[in-house]
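Understanding the architecture of this molecule
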Number of protein chains: 2
Amino acid sequence: MAIKPLDLTIFNRLINHGPTTLISAQVGADRNVMACSWSCTLDFFPTPKLTAVISATNYTRKLIEQSGYFVVQVPTRRQVRTVLRLGSTSKNYQPAKVDEINFWYADGYPEHPLVADCAGWLLCKVIPEPHNQNTYDLFIGEVLAAFADDEIFADGMWKFATADKELHSMHYMTDGQFHYLGEQETIVLSEEELKGTTKA
Amino acid sequence: MAIKPLDLTIFNRLINHGPTTLISAQVGADRNVMACSWSCTLDFFPTPKLTAVISATNYTRKLIEQSGYFVVQVPTRRQVRTVLRLGSTSKNYQPAKVDEINFWYADGYPEHPLVADCAGWLLCKVIPEPHNQNTYDLFIGEVLAAFADDEIFADGMWKFATADKELHSMHYMTDGQFHYLGEQETIVLSEEELKGTTKA
């Protein structure tokens, strides 16, 4: 496997299918990671952007507000227990919460702690929107850089059909219940279908 | 099958796993439906809310801005060709775009056109946020009511493990490529794991 940069014009493909994500941030030596199901593509143009809902009670939020940066990463099925733990515990009460998490850093991004062994990473800068942040816990991030592990995401596409299923993304529901992607298919519409109505 | 109201305190479960959605709206007799991958839970409290990215070029956006209402619904696999068509065509150029779509209406919600045969429906009212709408194409909706088809969603949970796979949600990627949920599992963490670190 090799971790490769992803063209920002297709950054959304890392999260377009709605996977559960991990959000990390740091201030100095203080790092944290939270689980987040509520992160979503916002835009490509003029800059790539995404949204993330980050509660005021999350320790990670303080780090994001202080540093102005955060990372949205897509964990894989083999990390599912870790994801549930990161989403079930808080560094507010467990200072050692992420002591066993391995991080790596991309060149030029020393303030973006990247959780190791994920499938993909989106390195973001907060676009300050105090009303959204204070009223809705809604953060908008400009995506500065993106990376993906080519064992599961290559040539701009997920390899769910052929890769080890332990590398698949997870889709959290509630009460510890996770769903995993299985089948995929590519649909090509006929000219008739694209006319919008077969009665026309 | 029976369509049943869903408790709004768990409305997010219809979309927590990141399915591709259909967004519909109407003004008088003018109805439309668009496909949307970029819709996401925003909050439960004090009111249930979600976000949706709706481009200024979408015909549906005009209907939403005029009526103040929209519906986010979760289509099923058997509707995949329809979803791709609804996302590949515009009523701006095809006035008959939704003539063959069947709609139903919930009691008390005559301005919320519900696309038939979906798995679930979230009936929303726009919370006006002109800056978000104009700058980011980002709409915030308060969820007024929710319904689900108990053949695929019952007792507050999806029945992906046991229901006909044609009823599963779809997760769009790009270029006609759809993923479908397959396996699911429920994880229960040990006390040791919840301590945050096994070294502690």
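For the structure given in this document, a descriptive report is provided here. (Residues numbered from 1 in each chain as written. Chains lettered and ligands numbered in written order. Predicted model: local features only at pLDDT ≥ 70, side-chain atom pairs only at ≥ 80, totals over all residues. Heavy atoms only, no water.)

Attention shifts here to the overall build of chain A. Assigned secondary structure in chain A consists of four helices and 14 strands. For 200 residues, the compact-globule estimate of 2.2 N^0.38 gives 16 Å, and the C-alpha radius of gyration of chain A, at 18 Å, lies within 12% of that figure. Projected onto its principal axes, the C-alpha coordinates of chain A cover approximately 60 × 40 × 35 Å. Burial status across chain A gives 60% buried among its 200 residues. As presented, chain A carries roughly 8000 Å² of accessible surface, and 50% of it is formed by carbon and sulfur atoms. Each charge sign in chain A was given a centre, from 17 positive and 24 negative side chains, and these centres are 4 Å apart. (Helix = DSSP H or I, 4+ residues; strand = E, 2+ residues; numbered from the N terminus. Rg over C-alpha atoms; globule rule 2.2 N^0.38 Å. Buried < 20%, exposed > 50% of the residue type's maximum accessible area, 1.4 Å probe, protein only. Areas by Shrake-Rupley, 256 points an atom, 1.4 Å probe, with all protein chains shown as cover. Lys, Arg positive; Asp, Glu negative; His and termini not counted. Charge placed at Lys NZ, Arg CZ, Asp CG, Glu CD.)

Spatially, four strands are ordered 13(A)-14(A)-14(B)-13(B) in an open sheet, and the strand pairing comes out antiparallel. Unpaired on one side and paired on the other, strand 13 (170-172) of chain A together with strand 13 (170-172) of chain B mark the two borders of the sheet. Pairwise comparison of adjacent strand axes, ignoring direction, gives a mean angle of 40 degrees for this sheet. Pairing of strand 13 of chain A with strand 14 (residues 177-186) of chain A, which is carried by three bridges, proceeds in the antiparallel orientation. The residue bridging His 171 of chain A from the neighbouring strand is His 179 of chain A, located in strand 14 of chain A. Most of the contacts of helix 2 (residues 80-88) of chain A go to strand 14 of chain A, to which it runs at about 130 degrees, and overall it touches strand 13 and strand 14 of chain A together with strand 14 (177-186) of chain B. Contacts from helix 2 (residues 80-88) of chain B reach strand 14 of chain A together with strand 13 and strand 14 of chain B within the one sheet, and its direction differs from that of strand 14 of chain B by about 130 degrees. (Pairing = 2+ DSSP bridges. Axes fitted to C-alpha atoms, helices over the stretch in contact; angles between N-to-C directions. Contact = heavy atoms within 4.5 Å.)

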